[in-house]
Amino acid sequence: MMTTAQRRLVTAPMVLAMVMGAAAVYPFVLLDGHYILDADIQVDEIRLYYEAFRDWSWAALPRPSANVYFQGQTLIYGLALYLYDAVAGPISADANLSHYALVSANAVNAAAHVLAAAVFFATAKRLANQAWVAVIITALFAFSPQILDITLIRIDRLMMLPLSVVLHSSVMIAQGDIRLRSGIALGIALALLTATKISGFLFGVFPATAMLVFLGMRQFERMAWRRIGAFAATTIAAALPVLCVLMIRFLLHAEDFLDILITGYDMQLRWTSVLPVSPIFYYYVELFLVYGPVFLGACFLSPVVFAFDAVKHRSSRSVLLIGNLALFSIAGAVAFKFERGGYHLVPLYLFALAIAADLLPKLMRRQFPQRAGLICSVLGLVGLGVPAVTV
């Protein structure tokens, strides 16, 4: 059992991480108060789900149209609008429902950003083994220019929460900390990602590589396979009902699902075909130039530090991160280049810094006392963070 003092040590940085997340989205909530419509926000679809919740008329939902997005996010926004209606009082017939729909979508995405910061903090603390190093890393995440440059109303801001949960669960899997609640959380998060973007299922590569790391560290022994099998079953069992709810319109019109899916992927391919594939290193250099050259230099050197850890100590966290950095580096080099693409690399870069901040003091133990090494790492991270959060 944790003492009260220990709980405070854990809770205080977590609260600070959430405050940083709230501070990061607050100006954008005010800015988006003007509600300039984004092409990807389907207000009419939000209205349909709102009316389905209000009248409980799910069977009346029409056939969904083909799109590069599924409709999990619009159902969530419709539920938020319904709850707003229930709490604030019935929305009058002559009210501008589009305005309320956008208010609800902004509120949901803002809350997702705050919660994502809290989950990100928990992951960074697990990787860095130091709460205040994790706080600094979380500040870089909460105020990341790559994320904040994405309009708050867009689906990408909502996706950061389930993506953060997937990454946290993946780290736990790789480290052998396999729990029932982690499997449930991972299943729900993967369902949310799958039911939003048509390519959202690809984020499943993170837990898949984590499972490979877990099995490899245990030489693929039978007991390890059993643990992974039970965990995967829990994840699937948690994901399926959530996925069915979020994609209820596709279930109601199941006979058209394959045609809708094929058309949606065709739209995705036609859209990406007009985007450039150069510069090759856009997602690793140009996209992160706003952080400054010191940040980029530290990010490129960090893998060298924990590659040593992966080889010498067979550290699961280092092996997991190296594998995913290598995988997404290859994919990013040949993929289309888009200004809102590559935001999933932000956590990987920052996790690299978190691991390096933990390893550097240990590597410098012979030259400096461990406390001095920790202080150097924290000061270095602060120095990296100042350009990022002041841009």
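Because the structure is predicted, anything quoted here is derived from the model rather than measured. Every residue gets a number counted from 1 within its own chain, in the order that chain's sequence is written. The predicted nature of this model means local features are confined to residues of pLDDT at least 70 and side-chain atom pairs, given and counted, to a pLDDT of 80 or more, with totals for whole chains, interfaces and linings taken over all residues. Based on all heavy atoms of the structure, the side-chain values leave hydrogens and waters out of the count.

Peer 1: Please set out the overall build of the chain residue by residue, giving values where relevant.
Peer 2: Counting from the N terminus, the helices are the DSSP runs of H or I reaching at least four residues and the strands are the DSSP runs of E reaching at least two. When helices and strands are tallied, the chain shows 16 helices and zero strands. Looking at the chain alone, contacts between residues at least 24 apart form 80% of all its contacts between residues at least 6 apart. Contact definition: two residues touch when any of their heavy atoms are within 4.5 Å.

Peer 1: Provide a residue-level description of a nonpolar patch on the surface, including the pertinent values.
Peer 2: For patch building, the residue pool is restricted to those with more than 30% relative accessible area and no salt bridge; the joining distance is 9 Å between like charges and 5 Å between nonpolar side chains (Val, Leu, Ile, Met, Phe, Trp, Tyr). The method behind every accessible area is Shrake-Rupley, applied with a 1.4 Å probe, and residues are considered shielded solely by the protein chains displayed. A pairing counts as a salt bridge when a side-chain nitrogen of Lys or Arg comes within 4 Å of a carboxyl oxygen of Asp or Glu. Among the surface-exposed residues, Leu180, Ile184 and Ile188 lie close enough to one another that they form a single nonpolar patch of about 260 Å² accessible area. Note that Leu180 resides in helix H8 (residues 180-194). A relative accessible area of 60% means that Leu180 is categorised as exposed. Categorising residues by exposure relies on relative accessible area from a 1.4 Å probe, with only protein chains included: less than 20% of the type maximum marks a residue as buried, more than 50% marks it as exposed, and the intermediate range marks it as partly exposed.

Peer 1: Residue-level account of the nonpolar core, with values.
Peer 2: Counting residues in hydrophobic clusters, the biggest one holds 73 residues, and the most contacted among them are Phe288, Phe295 and Leu350. With 12 residues, the single largest contributor to this core is helix H15 (residues 345-363). Joining through side-chain atoms within 4.5 Å is the link that ties buried Ala, Val, Leu, Ile, Met, Phe, Trp, Tyr and Cys residues into a set, and such a set is a nonpolar core. By size, the runner-up hydrophobic cluster in this structure holds 15 residues, among which are Val43, Tyr77, Leu102 and Ala112.

Peer 1: Hey, could you go over the environment of Glu51 for me, with residue numbers and the actual values?
Peer 2: Relative to the elements of secondary structure, Glu51 occurs in helix H2 (residues 43-55). Taking the C-alpha atoms as reference, Glu51 lies 8.0 Å from Tyr82; in sequence the two are 31 residues apart. With residues up to four places along the chain from it excluded, the contact list for Glu51 reads Trp56 and Ser57.

Peer 1: So what about the packing of helix H9 (residues 205-217) against helix H14 (residues 316-334)? Which residues, and what values?
Peer 2: Here, axes are lines fitted to C-alpha atoms. For helices the fit covers the stretch in contact, and angles between N-to-C directions go from 0 to 180 degrees. Packing of H9 against H14 leaves a shortest axis separation of 10 Å and a crossing angle of 135°. Taken together, H9 and H14 sit at an angle that is classed as oblique. Between H9 and H14 lies a crossing whose hand is right-handed. Side by side, H9 and H14 meet where Val205, Phe206, Thr209, Ala210, Val213 and Met217 of the first sit next to Ser316, Val319, Leu320, Asn324, Leu327 and Phe328 of the second. Angular relationships are summarised with four words: roughly parallel below 35 degrees, roughly antiparallel beyond 145, roughly perpendicular across 65 to 115, and oblique for the angles in between. Handedness of a crossing follows from how the near helix is turned relative to the far one, being left-handed for an anticlockwise turn of less than a right angle and right-handed for a clockwise one.

Peer 1: Would you mind going over the environment of Gln130 in detail, with residue names and values included?
Peer 2: Inspection of the secondary structure puts Gln130 in the loop between helix H4 (97-128) and helix H5 (131-142). Judged by its relative accessible area of 34%, Gln130 is partly exposed. Taking the C-alpha atoms as reference points, Gln130 and Ala357, 227 residues apart in sequence, are found 9.0 Å from one another.

Peer 1: So, the pattern of salt bridges: which residues are in play, and what are the values?
Peer 2: Within the structure shown, the criterion is met by nine salt bridges. In this structure, Lys197 and Asp156 form a salt bridge, with 2.9 Å as the shortest nitrogen-oxygen distance. In this pair, Lys197 sits in the loop between H8 and H9 while Asp156 sits in helix H7 (residues 155-174), placing the two residues 41 residues apart along the sequence. Among the ionic pairs, Asp177 bridges to Arg179, the shortest N-O distance being 2.8 Å. Several salt bridges converge on common partners, so that one network encompasses Arg126, Asp177 and Arg179.

Peer 1: So what's going on with the side chain of Glu45? Which residues, and what values?
Peer 2: With respect to the element layout, Glu45 can be found in helix H2. If we ignore the near neighbours within four places in the chain, the residues touching Glu45 are Gln71, Thr74 and Arg249.

Peer 1: Requested: an account of the side chain of Asn67, with residues and values cited.
Peer 2: Inspection of the secondary structure puts Asn67 in the loop between H2 and helix H3 (72-88). Residues within four places of Asn67 in sequence aside, it is in contact with Gln42, Ile198, Gly264 and Met267.

Peer 1: Before we move on, could you go through the confidence of the model for the chain and cite the residues and values that matter?
Peer 2: Here pLDDT means the predictor's own confidence in every residue, given as a number from 0 to 100. Averaged over every residue, the pLDDT of the chain is 80; the share at 70 or more is 80%. Averaged pLDDT values over the elements of the chain bottom out at 50 in helix H16 (residues 370-389) and peak at 95 in H8. This stretch, residues 386-391, has a pLDDT under 50; its non-local contacts, to residues over four places away or in other chains, come to nine contacts.

Peer 1: Please provide a residue-by-residue account of the packing of aromatic side chains, values included.
Peer 2: Here the aromatic set is Phe, Tyr and Trp, taking the six-membered ring for Trp, and pairing holds for ring centres within 6.5 Å; pairs whose planes are under 30 degrees apart are stacked, those over 60 apart are edge-to-face, and all others are tilted. Taken as a whole, this structure holds 11 aromatic pairs when the rule is applied. Ring centres 6.0 Å apart and planes at 25° place the aromatic pair Phe53 and Tyr82 in the stacked group. Of this pair, Phe53 sits in helix H2 while Tyr82 is found in helix H3, placing the two residues 29 residues apart along the sequence. Their ring planes at 15° and their centres at 4.8 Å tell us that Phe120 and Phe351 sit as a pair that is stacked. On the criterion of sequence distance, the pair formed by Phe120 in helix H4 and Phe351 in helix H15 is long-range, its members being 231 residues apart. The pair Phe120 / Phe351 is uniform in exposure class, with both members buried. In this structure an aromatic cluster arises from ring pairing among Phe53, Trp56, Trp58 and Tyr82.

Peer 1: With reference to specific residues and values, describe the environment of Ile198.
Peer 2: Along the polypeptide, Ile198 turns up in the loop between H8 and H9. You can call Ile198 buried: its relative accessible area is 2%. Separated by 129 residues in sequence, Ile198 and Tyr69 have C-alpha atoms that sit 5.2 Å apart. Contacts of Ile198, omitting those with residues within four sequence positions, involve Asn67, Val68, Tyr69, Phe70, Leu261, Gly264, Tyr265 and Gln268.

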